[in-house]
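Now for the letters of each chain:
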Amino acid sequence: MYIFASENHNFLQKEMSKDIRLKKGLNINLQGEADKVYASIPQSQNFSIKPTDFHALTPKMVVKEGDKVKAGSCLFFDKYDERIRFSSPVSGEVTEIVRGAKRRIMEVKIAADSEVSYESFSLEANASREQIIKGLLDSGVWPFIRQKPFDTIANPSDNPKAIFISTFDTAPLAPDNDFVLHGLDKEFQVGIEVIKKLTDGKVHLNVDGNTNPSKVFTDCKGVEINKISGPHPAGNVGVQVHHIDPINKGDVVWYLYPQDVLTIARLFTDGKYDVSRMVALTGSQVERPRYYRTISGASISNMISENSIKDGSNRFISGNVLTGTQISADGCVGFYDSQITVIPEGNKQEFLGWIAPGLQKFSMSKSYFSWLTPAKKYNLNTNYNGEERAYVVTGQYEKVLPMDVYPMQLIKACMIEDIDSMEQLGIYEVSAEDMALCEFVCTSKMEVQSIIREGLDLVKKECS
């Protein structure tokens, strides 16, 4: 049992430090928002942990096929930092280690026991920062903490200048964290008490200024509460960092999601690696979109069998439509994801293509009629509506990126691998997800997120 106590109550005083209102951005209103209903399903029998969920990770296996594991047992670790371990989400048997080209480890599959048994982690009361970090590393919880710049797993040896927690997500059909964490204020506060010890700076808890945030967040103590309002990507941590405590060369900030805070709290109160979470099943192809309690890495087959997925060719996405990862109908929830989206594939040709007028088409510009009905919800598919074409200056990027950077110039600098220009144009400030809307509105159909990700990797390799 981990107990927090302090005679100094000054740190309990919360501040409403900043009220930031963003005008740039774009809300994409899609059909299929999850109803605020908790639906129960049988525990999944199949789980998967994918090293590909962790950018730039080179895994070294600890287990082999046929091994028995518990929830919290180490499956693999980072080849270049053996302290960073990755644990099994459930107890059971390792059934398969899937390898790709050059024997790269793509996936570790586990057949779960009917009842989960846990590894036990003993953590001392009044732990120091070093002891907390060791406990997070040994249990496998550490990978939930990531860093900016570069959006990689945080380096335990760093001392970040601040830690950011975005309590809301403005991406299309994103889960409502106010609903997900309802009634979990005590557990959330315990997680915050642990996280506060990881930095000498501030813990920024950023709430949605567009609504009335949950008291789980607004009554949280020992953090600096900031209100952020505006369209997507107002909920992105990168945008929030840019406006609250910008990153310069050499700076490091850490960040994590609200449900990750609960995972940390359960580790320090129960001594368990418990990665259970609420996942929203969303999308226009889902008959009854709703919330499910499951475990990270679980197969989605139970969720979609409980719902009637509409007929047709569908795409299953772990995450949201802008930044998520395509999975199969029996695929698994990604390590960092709390949303599954199902939308139609865009594999049918449309007569006259983009030239044809239509009331059911969405456009940022006034090409169609969506600007007349801003609240209307659309059933969009994956069709690009065109192919890659000449890269032209349109001014579209600047309308959807609420950051003080020149997006097109930065993208071009990444394409030609001009590191000096990339640094001057703010490469340390951005991440791939921050540029997702630029990719969505791009007339030239450029893969903007991939370009930015490759630029960040180059800078990290050459300058870190």
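Residues numbered from 1 in each chain as written. Predicted model: local features only at pLDDT ≥ 70, side-chain atom pairs only at ≥ 80, totals over all residues. Heavy atoms only, no water.

What to know about the sheet that holds strand E4 (residues 59–61)
- Overall, antiparallel pairing links the three strands, which are arranged E4-E6-E7 in an open sheet. Strands with a single pairing partner mark the edges of an open sheet, and in this sheet they are E4 and strand E7 (81–87). Sheet twist, expressed as the average angle between the axes of neighbouring strands with direction ignored, equals 35°.
- Judged from the four bridges that link them, strand E6 (residues 74–78) and E7 form a sheet pairing that is antiparallel. Within E7, the residue paired with Cys 74 across the bridge is Ser 87. (Pairing = 2+ DSSP bridges. Helix = DSSP H or I, 4+ residues; strand = E, 2+ residues; numbered from the N terminus. Axes fitted to C-alpha atoms, helices over the stretch in contact; angles between N-to-C directions.)

Overview of the packing of helix H3 (residues 185–196) against helix H6 (residues 258–270)
- Their axes nearest at 7 Å, the elements H3 and H6 cross at an angle of 85°. Judged on the interaxial angle alone, H6 and H3 are roughly perpendicular. Only Pro 258, Val 261, Leu 262, Ile 264, Ala 265, Arg 266, Phe 268 and Thr 269 of H6 make contact with H3, whose side of the interface consists of Glu 187, Phe 188, Val 190, Gly 191, Ile 192, Val 194 and Ile 195.
- Broken down by class, the residue content of the contact of H3 with H6 amounts to eleven nonpolar, two polar and two charged. (Parallel < 35°, antiparallel > 145°, perpendicular 65-115°, else oblique. Contact = heavy atoms within 4.5 Å. Nonpolar A, V, L, I, M, F, W, Y, C, P; charged D, E, K, R; others polar.)

With respect to unusual backbone geometry
- A cis amide bond links Lys 148 with the next residue in sequence, Pro 149, at an omega value of 5°.
- Mapping Pro 149 onto the fold places it in the loop between strand E10 (146–148) and strand E11 (152–153).
- Phi at Asp 151 takes a positive value of approximately 55°, unusual for a residue other than glycine.
- Tracing the sequence through the fold places Asp 151 in the loop between E10 and E11.
- The class for Asp 151 is buried, based on a relative accessible area of 15%. (Buried < 20%, exposed > 50% of the residue type's maximum accessible area, 1.4 Å probe, protein only.)

What about the confidence of the model for the protein?
- When the pLDDT values of the protein are averaged, the result is 91; 92% of them are 70 or greater.
- Scored below 50 in pLDDT, residues 1–15 shows 34 contacts in the model against residues more than four places distant or in partner chains. (pLDDT = per-residue confidence, 0-100.)

Here we look at the pairing of strand E14 (residues 224–229)
- E14 sits mainly inside the fold: five of its six residues count as buried.
- Across five bridges, the pairing between strand E13 (residues 202–208) and E14 is parallel. Note that in E14 the partner of Val 207 across the bridge is Lys 227.

Some points on the sheet that holds strand E9 (residues 105–112)
- Pairing within the open sheet is antiparallel, and its four strands lie in the order E3-E9-E8-E5. Looking along the sheet, the strands with just one partner apiece sit at the ends: strand E3 (46–49) and strand E5 (68–69).

Let's talk about the pairing of strand E20 (residues 339–344)
- Counting buried residues along E20, six of its six residues qualify, which places the element largely inside the surrounding structure.
- The pairing of strand E16 (residues 276–282) with E20 spans three bridges and is classified as parallel. Its bridge partner lying in E20, Thr 282 is registered against Thr 341.
- For strand E18 (residues 314–318) and E20, the ladder comprises five bridges, and the chain directions are antiparallel. In the strand pairing of E20, Arg 315 is matched with Ile 343.

A short note on the packing of aromatic side chains
- Within the structure shown, the criterion is met by twelve aromatic pairs.
- Ring geometry for Phe 54 against Phe 86: centres 4.6 Å apart, planes inclined by 50°, an arrangement best described as tilted. Of this pair, Phe 54 sits in the loop between E3 and E4 while Phe 86 sits in strand E7, placing them 32 residues apart in sequence.
- We classify Phe 54 as buried; its relative accessible area is 3%.
- Aromatic side chains Phe 188 and Phe 217 sit 5.4 Å apart centroid to centroid with 80° between the ring planes, which places their arrangement in the edge-to-face category. With Phe 188 in helix H3 and Phe 217 in helix H4 (residues 215–218), this pair connects stretches of sequence that are 29 residues apart. Taken individually, Phe 188 and Phe 217 each receive the classification buried, so the pair is uniform in this respect.
- Through a chain of ring-to-ring contacts, three or more aromatic side chains come together here, namely Phe 54, Phe 76, Phe 86, Phe 144, Phe 335 and Tyr 336. (Phe/Tyr/Trp six-rings, centres within 6.5 Å; stacked < 30°, edge-to-face > 60°.)

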